[in-house]
Amino acid sequence: MSENKNEIKEYAGGWITERKNTEAPGFLKFAFPVIGLGCCAYFILFMNGEVNHDDRGALVQKFNQATTPADGLMYLVTALALIFVVTVVLFAIRPSKHEE
């Protein structure tokens with residue numbers, strides 16, 4: 001068979017396509033970790049609500065006292081999200097390897 005530079009590889013039954021020997025764009029290599037780490041920081045900073053807000057902070061604090069905190073679950077969700085971010089970033093920065 002002849003080698004075609006424009007050969008397209010399909011994933012997910014054709015919903016995602018990729019040209020052979022191409023890389024992820026630079027802005028995506030930057031955006032993936034920034035967005036992912038921002039989400040992880042949001043989980044940690046606001047895991048018990050916005051307790052320091054001027055209007056509703058006191059209400060959130062009372063709600064937290066009346067309910068059982070789920071800090072362990074939130075740390076687990078954050079750890080899973082962080083693992084996903086690392087996996088996606090590693091996938092995006094590695095060169096594409098196609099079967100020949």
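Note: the structure precedes this text.
Below is a short write-up of the structure.

What counts as what
Residues numbered from 1 in each chain as written. Predicted model: local features only at pLDDT ≥ 70, side-chain atom pairs only at ≥ 80, totals over all residues. Heavy atoms only, no water. Phe/Tyr/Trp six-rings, centres within 6.5 Å; stacked < 30°, edge-to-face > 60°. Buried < 20%, exposed > 50% of the residue type's maximum accessible area, 1.4 Å probe, protein only. Helix = DSSP H or I, 4+ residues; strand = E, 2+ residues; numbered from the N terminus. Expected span 1.5 Å × (residues − 1). Arc of directions from axis to C-beta. Contact = heavy atoms within 4.5 Å. Salt bridge = Lys/Arg side-chain N within 4 Å of Asp/Glu carboxyl O.

**A word on the packing of aromatic side chains**
Here's step 1: Inspection of every chain in the model, using the stated rule, returns one aromatic pair.
Here's step 2: Centre to centre, the rings of Tyr42 and Phe46 are 5.1 Å apart; their planes meet at 45°, and the pair counts as tilted.
Here's step 3: On the basis of relative accessibility, which here comes to 38%, the residue Phe46 falls in the partly exposed class.

**Structural notes on helix H1 (residues 26-45)**
Here's step 1: Along its 20 residues, H1 runs 29 Å from first to last C-alpha, staying within 8% of the 28 Å computed at 1.5 Å per residue.
Here's step 2: Along H1, the positions that sit buried rather than exposed are Ala31, Gly36 and Cys40. An end-on view of H1 places all buried positions within 150° of arc, on one side of the element. Along H1, exposed side chains directed more than 90 degrees from the buried face belong to Gly26, Phe27, Phe30, Tyr42 and Leu45.
Here's step 3: Packed against the buried residues of H1 are helix H3 (71-93).

**Brief notes about the environment of Ile93**
Here's step 1: In this structure, Ile93 sits in helix H3.
Here's step 2: Residue class for Ile93 comes out partly exposed when judged on its relative accessible area of 46%.
Here's step 3: Distance from Ile93 to Gly26, taken between C-alpha atoms, is 9.1 Å for residues 67 residues apart in sequence.

**Some remarks on the pattern of salt bridges**
Opposite charge on two side chains makes pairing possible when the charged atoms of those side chains draw close.
Here's step 1: According to the stated counting rule, one finds one salt bridge in the structure shown.
Here's step 2: Notably, a salt bridge pairs Arg56 with Glu50, separated by 3.1 Å at the nearest N-O pair.
Here's step 3: The partly exposed category is assigned to Arg56, whose relative accessible area is 42%.

**Observations concerning unusual backbone geometry**
Here's step 1: Located in the positive-phi region is Ala12, a residue other than glycine, with phi close to 55°.
Here's step 2: Within the secondary structure, Ala12 is located in the loop between strand E1 (8-11) and strand E2 (16-19).
Here's step 3: Under the relative-accessibility criterion, Ala12 is labelled exposed at 52%.

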